[in-house]
Amino acid sequence: MSVPARPSRASAFSLRMSTDPSSLALPHVTRLHAYTPGLQPTGAGWVKLNTNECPYPPSPRVAEAVRREVGADGASLRLYPNPKSSPLRVALARYHGRAENEVCVGNGSDDILNLLVRVFAGEKAATGFTLPSYSLYPVLVAIQDGACETIEFDRSMRLPVDRIAATKAGIFFLTSPNAPTGVAFPNAEIECVLRAFPGLVVVDEAYAPFAAENAVSLLDRHENLVVVRTFSKAYALAGIRVGYALARAGVIDLLDRVRDSYNVNRLSQAAALAALEDQPYFEGLVARVRATRDAQLRAFAARGWFTYPSQANFIFTEPRDARGTTGRAVAESAYRFLYDRKVLVRHFPSHALTAPFLRITVGTDDEMLVLNQTLDAWLKAPPNA
Ligand SMILES: *Cc1c(COP(=O)(O)O)cnc(C)c1O
(Lines give C-alpha, C1' and ligand atoms only; values in the text may rest on other atoms or scores of the structure.)
Protein backbone atom coordinates (compact mmCIF):
# COMPACT_ATOMS: atom_id res chain seq x y z
CA MET A 1 0.00 0.00 0.00
CA SER A 2 1.45 3.26 -1.01
CA VAL A 3 1.23 6.14 1.38
CA PRO A 4 0.76 9.49 -0.27
CA ALA A 5 3.81 11.59 0.21
CA ARG A 6 3.41 14.13 2.97
CA PRO A 7 3.69 17.63 1.66
CA SER A 8 7.02 19.06 2.56
CA ARG A 9 7.15 21.93 5.03
CA ALA A 10 7.87 24.24 2.19
CA SER A 11 4.82 23.27 0.16
CA ALA A 12 2.52 23.29 3.20
CA PHE A 13 3.75 26.75 3.86
CA SER A 14 3.14 27.90 0.32
CA LEU A 15 -0.28 26.21 0.33
CA ARG A 16 -1.23 28.14 3.39
CA MET A 17 0.11 31.34 1.92
CA SER A 18 -2.02 30.92 -1.20
CA THR A 19 -5.31 30.59 0.76
CA ASP A 20 -7.38 33.76 0.51
CA PRO A 21 -8.16 34.45 4.18
CA SER A 22 -11.61 35.75 3.30
CA SER A 23 -12.49 32.28 1.98
CA LEU A 24 -12.08 31.00 5.55
CA ALA A 25 -14.98 33.11 6.80
CA LEU A 26 -18.18 31.40 7.91
CA PRO A 27 -20.50 31.08 4.90
CA HIS A 28 -23.29 33.19 6.42
CA VAL A 29 -20.83 36.03 7.04
CA THR A 30 -19.72 36.08 3.41
CA ARG A 31 -23.37 36.74 2.48
CA LEU A 32 -23.80 39.63 4.96
CA HIS A 33 -24.70 43.18 4.05
CA ALA A 34 -23.74 45.72 6.69
CA TYR A 35 -26.25 48.20 8.07
CA THR A 36 -26.27 51.42 6.03
CA PRO A 37 -26.11 54.45 8.32
CA GLY A 38 -27.32 57.83 7.09
CA LEU A 39 -24.73 60.08 5.46
CA GLN A 40 -22.48 62.07 7.79
CA PRO A 41 -21.23 64.84 5.47
CA THR A 42 -17.95 66.42 6.49
CA GLY A 43 -18.15 69.76 4.67
CA ALA A 44 -19.81 72.85 6.14
CA GLY A 45 -23.16 74.35 5.22
CA TRP A 46 -25.40 71.30 5.37
CA VAL A 47 -28.86 71.39 6.91
CA LYS A 48 -28.60 67.92 8.35
CA LEU A 49 -32.04 66.38 8.81
CA ASN A 50 -31.18 62.75 8.03
CA THR A 51 -30.15 60.82 11.16
CA ASN A 52 -32.49 62.05 13.89
CA GLU A 53 -29.78 63.71 15.93
CA CYS A 54 -30.81 66.54 18.24
CA PRO A 55 -30.26 69.99 16.68
CA TYR A 56 -29.30 71.47 20.06
CA PRO A 57 -26.23 70.78 22.21
CA PRO A 58 -26.51 68.56 25.29
CA SER A 59 -26.69 69.92 28.84
CA PRO A 60 -23.62 72.05 29.62
CA ARG A 61 -23.07 69.73 32.57
CA VAL A 62 -22.03 67.01 30.09
CA ALA A 63 -18.91 68.83 28.87
CA GLU A 64 -18.05 69.72 32.48
CA ALA A 65 -18.37 66.10 33.58
CA VAL A 66 -16.24 64.86 30.69
CA ARG A 67 -13.54 67.45 31.45
CA ARG A 68 -13.63 66.49 35.13
CA GLU A 69 -13.32 62.82 34.18
CA VAL A 70 -10.31 63.50 31.93
CA GLY A 71 -8.73 65.70 34.60
CA ALA A 72 -5.76 68.00 34.06
CA ASP A 73 -3.44 65.34 32.69
CA GLY A 74 -5.70 62.48 31.58
CA ALA A 75 -4.32 60.21 34.31
CA SER A 76 -7.72 58.59 34.95
CA LEU A 77 -7.69 57.30 31.38
CA ARG A 78 -5.00 54.80 32.40
CA LEU A 79 -7.65 52.90 34.29
CA TYR A 80 -10.44 50.72 32.96
CA PRO A 81 -13.92 52.10 33.41
CA ASN A 82 -16.49 50.73 35.81
CA PRO A 83 -17.24 47.38 34.11
CA LYS A 84 -20.98 47.46 34.79
CA SER A 85 -21.44 51.24 34.46
CA SER A 86 -22.74 50.87 38.02
CA PRO A 87 -23.24 54.54 38.96
CA LEU A 88 -25.23 55.02 35.76
CA ARG A 89 -27.27 51.86 36.39
CA VAL A 90 -28.14 53.07 39.87
CA ALA A 91 -29.20 56.49 38.53
CA LEU A 92 -31.24 54.97 35.69
CA ALA A 93 -32.94 52.53 38.07
CA ARG A 94 -33.91 55.40 40.36
CA TYR A 95 -35.09 57.50 37.41
CA HIS A 96 -37.39 54.76 36.11
CA GLY A 97 -38.45 53.39 39.50
CA ARG A 98 -36.79 50.02 38.91
CA ALA A 99 -34.16 47.99 40.78
CA GLU A 100 -30.47 48.26 39.87
CA ASN A 101 -30.43 44.64 38.66
CA GLU A 102 -33.19 45.49 36.19
CA VAL A 103 -30.93 47.80 34.12
CA CYS A 104 -28.16 46.98 31.64
CA VAL A 105 -26.11 49.78 30.03
CA GLY A 106 -24.70 49.46 26.52
CA ASN A 107 -22.41 51.18 24.04
CA GLY A 108 -25.42 52.80 22.39
CA SER A 109 -28.76 51.03 22.30
CA ASP A 110 -27.44 49.24 19.20
CA ASP A 111 -25.13 47.36 21.59
CA ILE A 112 -28.15 46.39 23.72
CA LEU A 113 -30.07 45.20 20.64
CA ASN A 114 -27.02 43.16 19.65
CA LEU A 115 -26.84 41.58 23.14
CA LEU A 116 -30.52 40.66 22.96
CA VAL A 117 -30.00 38.98 19.60
CA ARG A 118 -26.92 37.13 20.90
CA VAL A 119 -28.85 35.75 23.85
CA PHE A 120 -32.25 35.06 22.32
CA ALA A 121 -31.93 34.67 18.54
CA GLY A 122 -30.68 31.87 16.38
CA GLU A 123 -31.49 29.43 13.63
CA LYS A 124 -34.14 27.66 15.73
CA ALA A 125 -35.26 30.69 17.74
CA ALA A 126 -36.55 33.05 15.06
CA THR A 127 -36.50 36.81 15.51
CA GLY A 128 -39.63 38.74 14.65
CA PHE A 129 -39.97 42.37 13.66
CA THR A 130 -42.25 44.54 11.59
CA LEU A 131 -41.59 45.95 8.13
CA PRO A 132 -40.87 48.76 7.94
CA SER A 133 -39.01 49.29 11.19
CA TYR A 134 -35.40 49.77 12.27
CA SER A 135 -33.29 48.12 9.56
CA LEU A 136 -30.53 47.13 11.99
CA TYR A 137 -32.58 44.17 13.33
CA PRO A 138 -32.20 41.94 10.24
CA VAL A 139 -28.47 42.74 10.10
CA LEU A 140 -27.96 41.65 13.72
CA VAL A 141 -29.93 38.47 13.11
CA ALA A 142 -27.95 37.73 9.94
CA ILE A 143 -24.65 38.08 11.86
CA GLN A 144 -25.97 35.37 14.19
CA ASP A 145 -27.10 33.25 11.19
CA GLY A 146 -30.58 33.39 12.71
CA ALA A 147 -34.01 33.09 11.18
CA CYS A 148 -36.32 36.10 10.76
CA GLU A 149 -40.10 36.35 10.79
CA THR A 150 -41.31 39.63 9.40
CA ILE A 151 -44.76 41.16 9.78
CA GLU A 152 -45.68 43.68 7.11
CA PHE A 153 -47.63 46.78 8.01
CA ASP A 154 -50.28 48.09 5.67
CA ARG A 155 -50.49 51.79 4.85
CA SER A 156 -52.49 52.49 8.02
CA MET A 157 -49.34 51.57 10.02
CA ARG A 158 -51.59 50.21 12.77
CA LEU A 159 -50.03 47.51 14.92
CA PRO A 160 -51.02 44.04 13.58
CA VAL A 161 -51.44 42.57 17.07
CA ASP A 162 -52.99 39.25 16.01
CA ARG A 163 -50.38 38.55 13.34
CA ILE A 164 -47.54 39.30 15.77
CA ALA A 165 -49.11 37.03 18.36
CA ALA A 166 -49.30 34.23 15.80
CA THR A 167 -45.59 34.25 14.88
CA LYS A 168 -43.37 31.40 16.03
CA ALA A 169 -40.58 33.83 16.90
CA GLY A 170 -38.85 33.60 20.27
CA ILE A 171 -38.16 37.33 20.40
CA PHE A 172 -40.04 40.19 18.73
CA PHE A 173 -38.68 43.70 18.19
CA LEU A 174 -41.31 46.41 18.25
CA THR A 175 -40.16 49.96 17.56
CA SER A 176 -42.41 52.49 19.27
CA PRO A 177 -42.62 55.23 18.14
CA ASN A 178 -41.88 53.33 14.96
CA ALA A 179 -39.07 54.22 12.58
CA PRO A 180 -39.26 55.56 9.95
CA THR A 181 -42.97 56.43 10.32
CA GLY A 182 -42.97 58.13 13.74
CA VAL A 183 -46.21 56.35 14.62
CA ALA A 184 -46.43 55.37 18.31
CA PHE A 185 -48.35 52.28 19.41
CA PRO A 186 -50.65 52.74 22.40
CA ASN A 187 -49.74 50.85 25.57
CA ALA A 188 -53.11 49.08 25.37
CA GLU A 189 -52.07 47.50 22.05
CA ILE A 190 -48.54 46.70 23.23
CA GLU A 191 -50.13 45.03 26.22
CA CYS A 192 -52.28 42.89 23.89
CA VAL A 193 -49.04 41.72 22.22
CA LEU A 194 -47.41 41.04 25.61
CA ARG A 195 -50.36 38.88 26.65
CA ALA A 196 -50.85 37.00 23.39
CA PHE A 197 -47.24 36.51 22.26
CA PRO A 198 -45.42 33.85 24.30
CA GLY A 199 -41.89 35.08 23.49
CA LEU A 200 -39.88 38.07 24.60
CA VAL A 201 -41.14 41.46 23.38
CA VAL A 202 -38.50 44.15 22.98
CA VAL A 203 -39.99 47.63 22.73
CA ASP A 204 -37.29 49.79 21.17
CA GLU A 205 -38.08 53.20 22.64
CA ALA A 206 -35.33 55.30 21.04
CA TYR A 207 -37.92 58.06 20.47
CA ALA A 208 -40.20 57.57 23.49
CA PRO A 209 -39.22 60.84 25.21
CA PHE A 210 -40.97 62.67 22.33
CA ALA A 211 -44.15 60.55 22.66
CA ALA A 212 -47.26 60.80 24.81
CA GLU A 213 -46.84 57.34 26.33
CA ASN A 214 -44.14 54.73 26.96
CA ALA A 215 -44.04 51.09 27.97
CA VAL A 216 -41.95 51.33 31.16
CA SER A 217 -45.01 51.04 33.40
CA LEU A 218 -45.85 47.70 31.74
CA LEU A 219 -42.68 46.10 33.19
CA ASP A 220 -44.48 45.49 36.49
CA ARG A 221 -47.16 43.37 34.87
CA HIS A 222 -45.24 41.61 32.08
CA GLU A 223 -42.19 39.40 32.60
CA ASN A 224 -41.65 39.07 28.84
CA LEU A 225 -41.06 42.80 28.25
CA VAL A 226 -37.73 44.51 27.55
CA VAL A 227 -37.67 48.28 27.06
CA VAL A 228 -34.66 49.73 25.22
CA ARG A 229 -33.71 53.40 25.49
CA THR A 230 -30.88 55.61 24.23
CA PHE A 231 -29.14 58.89 25.08
CA SER A 232 -28.54 59.48 21.35
CA LYS A 233 -31.74 61.26 20.36
CA ALA A 234 -33.54 63.07 23.18
CA TYR A 235 -30.43 63.74 25.32
CA ALA A 236 -28.48 65.06 22.29
CA LEU A 237 -25.66 62.55 22.87
CA ALA A 238 -25.43 60.40 19.72
CA GLY A 239 -21.66 60.88 19.79
CA ILE A 240 -21.12 59.27 23.19
CA ARG A 241 -22.89 55.96 22.43
CA VAL A 242 -24.91 55.11 25.52
CA GLY A 243 -28.14 53.16 25.60
CA TYR A 244 -29.77 50.82 28.09
CA ALA A 245 -32.28 48.04 28.65
CA LEU A 246 -34.91 47.79 31.35
CA ALA A 247 -36.14 44.25 32.01
CA ARG A 248 -36.59 41.62 34.70
CA ALA A 249 -33.37 40.77 36.57
CA GLY A 250 -33.12 37.34 34.91
CA VAL A 251 -33.00 38.87 31.43
CA ILE A 252 -30.51 41.54 32.50
CA ASP A 253 -28.28 38.85 33.98
CA LEU A 254 -28.18 37.07 30.60
CA LEU A 255 -27.27 40.30 28.77
CA ASP A 256 -24.45 40.86 31.24
CA ARG A 257 -23.03 37.42 30.52
CA VAL A 258 -22.57 38.10 26.80
CA ARG A 259 -21.54 41.75 26.73
CA ASP A 260 -17.98 43.07 26.53
CA SER A 261 -16.71 43.41 30.07
CA TYR A 262 -15.89 47.11 29.58
CA ASN A 263 -18.56 47.95 27.02
CA VAL A 264 -19.05 51.61 27.99
CA ASN A 265 -16.02 53.86 28.26
CA ARG A 266 -15.27 56.20 31.15
CA LEU A 267 -16.09 59.44 29.37
CA SER A 268 -19.40 58.12 28.09
CA GLN A 269 -20.46 56.92 31.53
CA ALA A 270 -19.68 60.34 32.99
CA ALA A 271 -21.44 62.16 30.15
CA ALA A 272 -24.64 60.09 30.34
CA LEU A 273 -24.81 60.42 34.11
CA ALA A 274 -24.46 64.22 33.90
CA ALA A 275 -27.16 64.43 31.20
CA LEU A 276 -29.54 62.26 33.23
CA GLU A 277 -29.01 64.41 36.29
CA ASP A 278 -29.97 67.59 34.42
CA GLN A 279 -33.64 66.79 33.93
CA PRO A 280 -34.81 70.41 33.54
CA TYR A 281 -32.44 70.85 30.58
CA PHE A 282 -33.58 67.53 29.08
CA GLU A 283 -37.23 68.49 29.41
CA GLY A 284 -36.47 71.79 27.70
CA LEU A 285 -34.80 70.03 24.77
CA VAL A 286 -37.72 67.67 24.31
CA ALA A 287 -40.29 70.47 24.56
CA ARG A 288 -38.50 72.53 21.90
CA VAL A 289 -38.21 69.62 19.48
CA ARG A 290 -41.88 68.71 20.00
CA ALA A 291 -43.02 72.29 19.39
CA THR A 292 -41.03 72.50 16.13
CA ARG A 293 -42.30 69.06 15.10
CA ASP A 294 -45.92 70.00 15.67
CA ALA A 295 -45.49 73.25 13.72
CA GLN A 296 -43.92 71.30 10.85
CA LEU A 297 -46.74 68.73 10.91
CA ARG A 298 -49.16 71.65 10.45
CA ALA A 299 -46.98 73.00 7.62
CA PHE A 300 -47.14 69.67 5.76
CA ALA A 301 -50.90 69.46 6.38
CA ALA A 302 -51.25 72.97 4.89
CA ARG A 303 -49.42 71.74 1.77
CA GLY A 304 -51.88 68.88 1.56
CA TRP A 305 -49.13 66.27 1.96
CA PHE A 306 -50.09 63.01 3.64
CA THR A 307 -47.99 62.79 6.81
CA TYR A 308 -48.09 60.22 9.60
CA PRO A 309 -48.90 61.62 13.07
CA SER A 310 -45.34 61.67 14.40
CA GLN A 311 -44.61 61.15 18.07
CA ALA A 312 -40.87 61.14 17.42
CA ASN A 313 -38.23 63.76 16.52
CA PHE A 314 -38.70 63.16 12.80
CA ILE A 315 -41.55 63.37 10.32
CA PHE A 316 -42.49 60.89 7.60
CA THR A 317 -44.22 62.77 4.80
CA GLU A 318 -45.34 61.96 1.27
CA PRO A 319 -44.23 64.73 -1.11
CA ARG A 320 -46.81 65.78 -3.69
CA ASP A 321 -45.48 67.59 -6.73
CA ALA A 322 -47.05 70.63 -8.46
CA ARG A 323 -49.29 68.34 -10.51
CA GLY A 324 -50.52 66.55 -7.39
CA THR A 325 -48.57 63.38 -8.09
CA THR A 326 -47.04 61.21 -5.36
CA GLY A 327 -44.87 58.11 -5.49
CA ARG A 328 -41.32 56.89 -5.45
CA ALA A 329 -40.12 59.08 -8.34
CA VAL A 330 -41.65 62.20 -6.76
CA ALA A 331 -40.00 61.46 -3.41
CA GLU A 332 -36.71 60.80 -5.21
CA SER A 333 -37.02 64.11 -7.08
CA ALA A 334 -37.66 66.06 -3.85
CA TYR A 335 -34.76 64.24 -2.14
CA ARG A 336 -32.37 65.14 -5.00
CA PHE A 337 -33.52 68.75 -5.17
CA LEU A 338 -32.99 69.14 -1.40
CA TYR A 339 -29.64 67.32 -1.52
CA ASP A 340 -28.33 69.53 -4.33
CA ARG A 341 -29.12 72.53 -2.12
CA LYS A 342 -27.42 70.96 0.90
CA VAL A 343 -30.56 69.97 2.75
CA LEU A 344 -30.06 66.34 3.73
CA VAL A 345 -33.09 64.16 4.51
CA ARG A 346 -33.63 60.40 4.18
CA HIS A 347 -35.39 58.37 1.50
CA PHE A 348 -36.03 54.62 1.85
CA PRO A 349 -36.76 53.43 -1.70
CA SER A 350 -36.46 49.69 -1.03
CA HIS A 351 -39.93 49.09 0.45
CA ALA A 352 -43.21 49.92 -1.31
CA LEU A 353 -44.67 51.49 1.85
CA THR A 354 -41.69 53.81 2.39
CA ALA A 355 -40.62 54.63 -1.19
CA PRO A 356 -43.13 57.50 -1.72
CA PHE A 357 -42.04 59.19 1.54
CA LEU A 358 -39.20 61.22 2.98
CA ARG A 359 -38.10 61.00 6.59
CA ILE A 360 -37.14 64.41 7.86
CA THR A 361 -35.49 64.96 11.25
CA VAL A 362 -36.89 67.85 13.28
CA GLY A 363 -34.18 70.52 13.30
CA THR A 364 -34.15 74.04 14.66
CA ASP A 365 -36.90 76.45 13.58
CA ASP A 366 -34.36 78.10 11.26
CA GLU A 367 -33.48 74.78 9.67
CA MET A 368 -37.16 73.99 9.12
CA LEU A 369 -37.55 77.39 7.45
CA VAL A 370 -34.77 76.48 5.00
CA LEU A 371 -36.44 73.11 4.43
CA ASN A 372 -39.82 74.69 3.71
CA GLN A 373 -38.37 77.34 1.41
CA THR A 374 -36.41 74.72 -0.52
CA LEU A 375 -39.55 72.58 -0.87
CA ASP A 376 -41.41 75.68 -2.19
CA ALA A 377 -38.63 76.08 -4.77
CA TRP A 378 -38.89 72.39 -5.70
CA LEU A 379 -42.63 72.77 -6.32
CA LYS A 380 -41.99 75.71 -8.65
CA ALA A 381 -39.02 74.16 -10.43
CA PRO A 382 -39.43 72.46 -13.81
CA PRO A 383 -39.11 68.63 -13.56
CA ASN A 384 -35.52 67.40 -13.18
CA ALA A 385 -34.28 70.84 -12.13
C1 LIG B 1 -31.35 55.67 16.63
C2 LIG B 1 -31.99 54.37 16.93
C3 LIG B 1 -31.37 53.42 17.73
C4 LIG B 1 -29.90 53.49 18.02
O5 LIG B 1 -29.57 54.23 19.02
P6 LIG B 1 -28.06 54.27 19.54
O7 LIG B 1 -28.28 54.34 21.00
O8 LIG B 1 -27.47 55.50 18.95
O9 LIG B 1 -27.34 53.03 19.14
C10 LIG B 1 -32.06 52.28 18.11
N11 LIG B 1 -33.31 52.07 17.66
C12 LIG B 1 -33.93 52.93 16.85
C13 LIG B 1 -35.29 52.62 16.38
C14 LIG B 1 -33.28 54.10 16.45
O15 LIG B 1 -33.87 54.93 15.60
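A brief look at the structure comes next. The written sequence of each chain sets the order in which its residues are numbered from 1. For a predicted model such as this one, the threshold for reporting local features is a pLDDT of at least 70, and the threshold for listing and counting side-chain atom pairs is 80 or more; totals across whole chains, interfaces and linings nevertheless cover every residue. Side-chain metrics in this entry use all non-hydrogen atoms of the structure; hydrogen atoms and water are not considered.

### Points about the sheet that holds strand E8 (residues 243–246)
Strand-to-strand pairing in sheets goes through backbone hydrogen bonds, with the strands running parallel or antiparallel.
Step number 1: Paired strands, in this sense, are two strands between which DSSP finds at least two bridges. Under the DSSP-based scheme used, a helix requires at least four consecutive residues in state H or I and a strand at least two consecutive residues in state E, with every element numbered from the N terminus. Strand order in the open sheet formed by seven strands is E2-E8-E7-E6-E5-E3-E4, and the pairing between neighbours is mixed. Each end of this open sheet is capped by a strand with a single partner; those strands are strand E2 (103–106) and strand E4 (148–152). For this sheet, the mean inter-axis angle between neighbouring strands, taken without regard to orientation, is 25 degrees.
Step number 2: Of the pairings in the sheet, the one linking strand E7 (residues 225–230) to E8 comprises four bridges and is antiparallel in character. The residue of E8 that forms the bridge with Val227 is Leu246.
Step number 3: Running over the sheet, helix H5 (residues 109–120) touches E2, strand E5 (171–175), strand E6 (200–204), E7 and E8 and is turned about 155 degrees from E7.
Step number 4: The strands that helix H9 (residues 249–258) touches are E2, E6, E7 and E8; relative to E2, the one it contacts most, it runs at about 30 degrees. Each axis is a line fitted through C-alpha atoms, and for a helix only the stretch in contact is used; angles between axes span 0 to 180 degrees, taken between their N-to-C directions. The contact criterion used is simple: two residues touch if any of their non-hydrogen atoms lie within 4.5 Å.

### A closer look at helix H6 (residues 136–143)
Step number 1: Buried residues are those whose accessible area, probed at 1.4 Å on protein chains only, stays under 20% of the maximum for their type, while exposed residues exceed 50% and partly exposed ones sit between those limits. What H6 keeps buried is the set Leu136, Tyr137, Val139, Leu140 and Val141.
Step number 2: At its buried positions, H6 is contacted by H5, strand E3 (127–131), E4, E5 and E6.
Step number 3: Just downstream of H6 lies Asp145, where phi reads positive at about 55 degrees.

### Quick word on the side chain of Asn224
Step number 1: Looking at the secondary structure, you find Asn224 in the loop between E6 and E7.
Step number 2: We classify Asn224 as buried; its relative accessible area is 15%.
Step number 3: Under the rule applied, a polar contact is a pair of N or O atoms within 3.5 Å (in protein, one hydrogen donor and one hydrogen acceptor; residues adjacent in sequence only if both atoms are side-chain atoms). Among the polar contacts made by the side chain of Asn224, one reaches the main-chain carbonyl oxygen of Gly199 at a distance of 3.1 Å.
Step number 4: Every residue in contact with Asn224, bar those within four places of it in the chain, is listed here: Leu194, Phe197, Gly199, Leu200 and Val201.

### A look at the packing of helix H4 (residues 86–96) against helix H10 (residues 266–277)
Step number 1: Closest axis-to-axis distance for the H4/H10 pair is 9 Å, and the angle between their directions is 25 degrees. Here H4 is positioned roughly parallel relative to H10, judged by the angle of their axes. The element H4 and its partner H10 pack so that their crossing is left-handed. Between H4, through Pro87, Leu88, Ala91, Leu92 and Tyr95, and H10, the contact on the second element is made entirely by Gln269, Ala272, Leu273 and Leu276.
Step number 2: Residues are grouped as follows: nonpolar covers Ala, Val, Leu, Ile, Met, Phe, Trp, Tyr, Cys and Pro; charged covers Asp, Glu, Lys and Arg; every other residue, Gly included, is treated as polar. Considered class by class, the residues forming the contact of H4 with H10 number eight nonpolar, one polar and no charged. An angle below 35 degrees is treated as roughly parallel, one above 145 as roughly antiparallel, one from 65 to 115 as roughly perpendicular, and anything else as oblique. Working rule for handedness: look at the near helix, and if it is turned counterclockwise from the far one by less than a right angle, call the crossing left-handed; if clockwise, right-handed.

### Considering the pattern of salt bridges
Step number 1: We define a salt bridge as a side-chain nitrogen of Lys or Arg found within 4 Å of a carboxyl oxygen belonging to Asp or Glu. Per the counting criterion, the structure on display carries 18 salt bridges.
Step number 2: Residues Arg221 and Glu191 are paired through a salt bridge, measuring 2.8 Å at the closest nitrogen-oxygen approach. Residue Arg221 is located in the loop between E6 and E7, and its partner Glu191 is located in helix H8 (residues 187–196); the two are separated by 30 residues in the primary sequence.
Step number 3: When its relative accessible area of 54% is taken as the criterion, Arg221 is described as exposed.
Step number 4: For Arg259, the salt bridge goes to Asp256, with nearest N and O atoms at 2.6 Å. Asp256 matches Arg259 in its accessibility class, with the two residues each being buried.
Step number 5: Among the ionic contacts, a cluster of salt bridges with common partners joins Arg89, Asp256 and Arg259.

### A look at the site of the ligand
Step number 1: The nearness test applies per residue and asks whether one of its heavy atoms lies within 4 Å of the molecule or strand. Taken together, Gly108, Ser109, Asp110, Tyr134, Thr175, Asp204, Ala206, Tyr207, Thr230, Ser232, Lys233 and Arg241 make up the full set of residues adjacent to the ligand.
Step number 2: Between the ligand and the protein, one listed contact pairs an oxygen atom with a side-chain N or O atom of Ser232 at 2.6 Å.
Step number 3: Within the side chain of Arg241, an N or O atom sits 2.7 Å from an oxygen atom of the ligand.
Step number 4: Where accessible areas are quoted, they stem from the Shrake-Rupley method and a 1.4 Å probe; at the residue level, only the protein chains shown are allowed to cover. Protein contact buries 92% of the 380 Å² of open area that the ligand shows by itself.
Step number 5: For the shell around the ligand, a count of residues per class yields three nonpolar, five polar and four charged.

The values reported here are purely geometric and, on their own, carry no functional implication.
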